[in-house]
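Summary of structural features
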Amino acid sequence: MTPLPPTLAAAQTARAFAAALAEYACQVTAAHGVQVWVAEGAGGRLETLAQEGRGLGLSDGTLARRALDGGQLLEEGMLACLPFGCGVLECVGASPAGLTGLSALAPLLTLALEGVQAREARRGRGRVAETVEALVRRLGGSLDLAEVLTGTAQSAAQALGFSRAFVALFNEFGEDGARTGDVFSHGFDEAFTGGVGVGPTSMETLIRRGEAIRFERARDADSPMAQGLLELSPEAAVIAALSARGQALGVLYVDSRTPGATASEDDARLVLALAEQASLAIDNARLYGIETRKRAAAEALREAGAALAGSLHLGDTLSRVLERAMTLFRADAAAVYEAQPDGRTLSIRSAVGLPSEYVLRVRAKMGAGVTGRAAQGRGAVAAHDLATAHYGGGSRYTRQLLAQNRYPYKGVLGLPLVTRSGVFGTLTLYWEAPLPLDDDDLALADVFAAQASLAVENARLYEEELRREREAAVLLNVGRVLGDSQDDAALAGAVRLTTLALNAGRGLIALTDDLGEVARCATFNLYPPTPEELTALKAQLGRGPRPLPRRACLPVAGSGLIVPLGDEGRPLGFLYADDPGPEAPAITRCNWPAAWPIR
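To keep things clear, this report deals only with the structure shown in the data block.

A few points about the overall build of the protein chain
- When you go through the protein chain residue by residue, the secondary structure sums to 18 helices and 22 strands.
- For the protein chain, with 599 residues in total, the buried portion stands at 47%.
- Look at the contacts in the protein chain between residues 6 or more apart in sequence, and 55% of them connect residues 24 or more apart.
- Carbon together with sulfur atoms contributes 51% to the accessible area of the protein chain, which is approximately 29600 Å² in total.

Focus: the pattern of salt bridges
- Considering all chains together, one arrives at 19 salt bridges under this definition.
- A salt bridge links Arg 164 to Asp 255; the shortest N-O distance between them is 2.7 Å. Residue Arg 164 is located in strand S6 (residues 164-174), and its partner Asp 255 is located in strand S11 (residues 247-256); the two are separated by 91 residues in the primary sequence.
- The class of Arg 164 is buried, set by a relative accessible area of 8%.
- Arg 214 is the salt-bridge partner of Glu 265, the closest N and O atoms lying 3.2 Å from each other.

Considering the environment of Gln 247
- By the secondary structure assignment, Gln 247 is in strand S11.
- On the accessibility criterion, Gln 247 (38% relative accessible area) is partly exposed.
- When near neighbours in sequence (up to four residues on either side) are disregarded, Gln 247 contacts Leu 242 and Arg 286.

Details of the nonpolar core
- Leu 242, Leu 252, Val 254 and Ile 282 are the most contacted members of the largest nonpolar core, which totals 32 residues.
- Those elements that provide at least two residues to this core are helix H5 (106-139), helix H6 (145-160), S6, strand S10 (236-244), S11 and helix H10 (265-308).
- Of the residues forming this core, the biggest block, 9 residues, is contributed by H10.
- Counting 31 residues, the second-largest nonpolar core is a separate cluster that includes Ala 18, Val 28, Val 34 and Leu 113.

Some points on the packing of aromatic side chains
- For the structure on display, the rule yields 9 aromatic pairs.
- Ring centres of Phe 329 and Phe 448 lie 6.0 Å apart, and the angle between their planes is 80 degrees; this geometry places the pair in the edge-to-face category. Of the two residues, Phe 329 is situated in helix H11 (residues 314-329) and Phe 448 in helix H16 (residues 439-484); the sequence distance between them amounts to 119 residues.
- Using a relative accessible area of 1% as the deciding quantity, one classes Phe 329 as buried.
- On the numbers, 6.1 Å between centres and 65 degrees between planes, the contact of Tyr 358 with Tyr 397 is edge-to-face. Of this pair, Tyr 358 sits in helix H12 (residues 356-361) while Tyr 397 sits in helix H15 (residues 396-403), and the two are 39 residues apart along the sequence. Comparing Tyr 358 with Tyr 397 shows no difference in burial state: the two are buried.

Focus: the sheet that holds strand S1 (residues 33-40)
- The strand order across the open sheet formed by 5 strands is S2-S1-S5-S4-S3, and the pairing between neighbours is antiparallel. Two strands close off the open sheet at either side, each with one partner strand: strand S2 (45-53) and strand S3 (74-76). Recorded for the sheet is a direction-independent mean angle of 20 degrees between the axes of neighbouring strands.
- With 3 bridges connecting them, S3 and strand S4 (residues 79-84) associate as antiparallel partners.

Re a nonpolar patch on the surface
- Among the surface-exposed residues, Leu 312, Tyr 462 and Leu 466 lie close enough to one another that they form a single nonpolar patch of about 220 Å² accessible area.
- With respect to the secondary-structure elements, Leu 312 resides in the loop between H10 and H11.
- According to the relative accessible area criterion, Leu 312 is partly exposed, its value standing at 36%.

Criteria and cut-off values
- Residues numbered from 1 in each chain as written.
- Predicted model: local features only at pLDDT ≥ 70, side-chain atom pairs only at ≥ 80, totals over all residues.
- Heavy atoms only, no water.
- Helix = DSSP H or I, 4+ residues; strand = E, 2+ residues; numbered from the N terminus.
- Buried < 20%, exposed > 50% of the residue type's maximum accessible area, 1.4 Å probe, protein only.
- Contact = heavy atoms within 4.5 Å.
- Areas by Shrake-Rupley, 256 points an atom, 1.4 Å probe, with all protein chains shown as cover.
- Salt bridge = Lys/Arg side-chain N within 4 Å of Asp/Glu carboxyl O.
- Core = buried A, V, L, I, M, F, W, Y, C linked by side-chain atoms within 4.5 Å.
- Phe/Tyr/Trp six-rings, centres within 6.5 Å; stacked < 30°, edge-to-face > 60°.
- Pairing = 2+ DSSP bridges.
- Axes fitted to C-alpha atoms, helices over the stretch in contact; angles between N-to-C directions.
- Patch = residues over 30% accessible without salt bridge, like charges linked within 9 Å, V, L, I, M, F, W, Y side chains within 5 Å.

Okay, structure coming up:
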């Protein structure tokens, strides 16, 4: 019998041992072809490590499996399978004498294969340790997440001798699969766009069982995995999950496009070890990034609060709110909507970055769209992409733009501005891209909205106090003037001062005689009313100041106010003021001086 070749004893890997054994067995048995099967992994799956000769297409591995499980030589047609240890020698058309000789060598071949596998495992563990150490040195304790991800991809590709690799972190994770966000790659010619999807079957293997996925085109060309990797088109690939503290972080992918490339169990173990070490570094970098972001957010809120408290004028405060919001959340446009007196609509009070036509034509409806929903619900409302979020448009103009696919923004965030007197309005932010904010950003936006609401409240209270002081000063002066004289000049001056104090467009003071009929009348920016009009106004008098609807006002006015002058024992007449707008002039009861007692 032909002696064993020295290449068997010199083999350093199981694959080299199998190649030498296949060549030797083909000569000894005069077989048409020989292949060597070896059981690998926890499941004992048979892998073909070497082939020699021809006719091997007759085998599908079934006879080899049976021979290995039974532990004895099996023959079927032209096939013969001789088990030895965890391997099987399968021959096509072998001579009986050759098979008998090889059977005698089976114990020796078993010991030889086990020795080669043990040496290979020791080298594998050393290779893993060396690769992990190189990765640690490469990262150098960096807490920069982008640097950690890029370094991991590069180290994985170099360790396996593959040409490409990428690391991607999950931003969507569920029972039906996951999807990654940004992809950090090494060796790819083009940048990734849109992330990478992971299906439920791969999730089961990678996440729940904690195993690596090996892909070889020659073996898995017809598998679902081949369809999933069609765009990447690898010859061989290894995929492992990244996880830390029981939380799935993402995936590590390494591949080669070299023809004939393979991915062994050792490669899978190496990638798993790299993924484990990289997961720790990634988790540390993420935690550091979160803490850094929280500190930056707290500092930004402190600065925003100081800036918003720097003014007590409402117009200036709203401008600062918009400026800080756009800077803090990197928005492309922003607007403050103010709730109207009718309680049903909101109109833009101040805006930055919005088209002029948009500002002029948009009038949001309470409870409709992002802006209206935020105001009515008194909570933040976010639309990742307004066209697909089914929130609709808050105004007719917005709905037209959405229907025509001409709406200029995708991401929209509505933040209610709530004061002690109720909802002032809504701070709405716009992005041309889909909403770029995560949960932490949205929580920060809620805090900012609370700060902005407080600033608006303070500004309104300050302006209200100024208005009251102005009214008090003017009306006190009016009372003094009328107390000294009630001639036509004094009366005309009094109505002018009163109208300006009320921020009204037109004004009228009518004095009555002892019979309650209008005896004298002075106007400001108003034609002298007819007796019928004065009688109609007098009929609107009640107890104290009373806003008038449009139908009860003089012609052209949109809203009005009527105030009785004098007291119940000695009525003097009444004051009338109106404005073209829908909001009636306001007056504070306590501002009326004793010279003009209000009944």
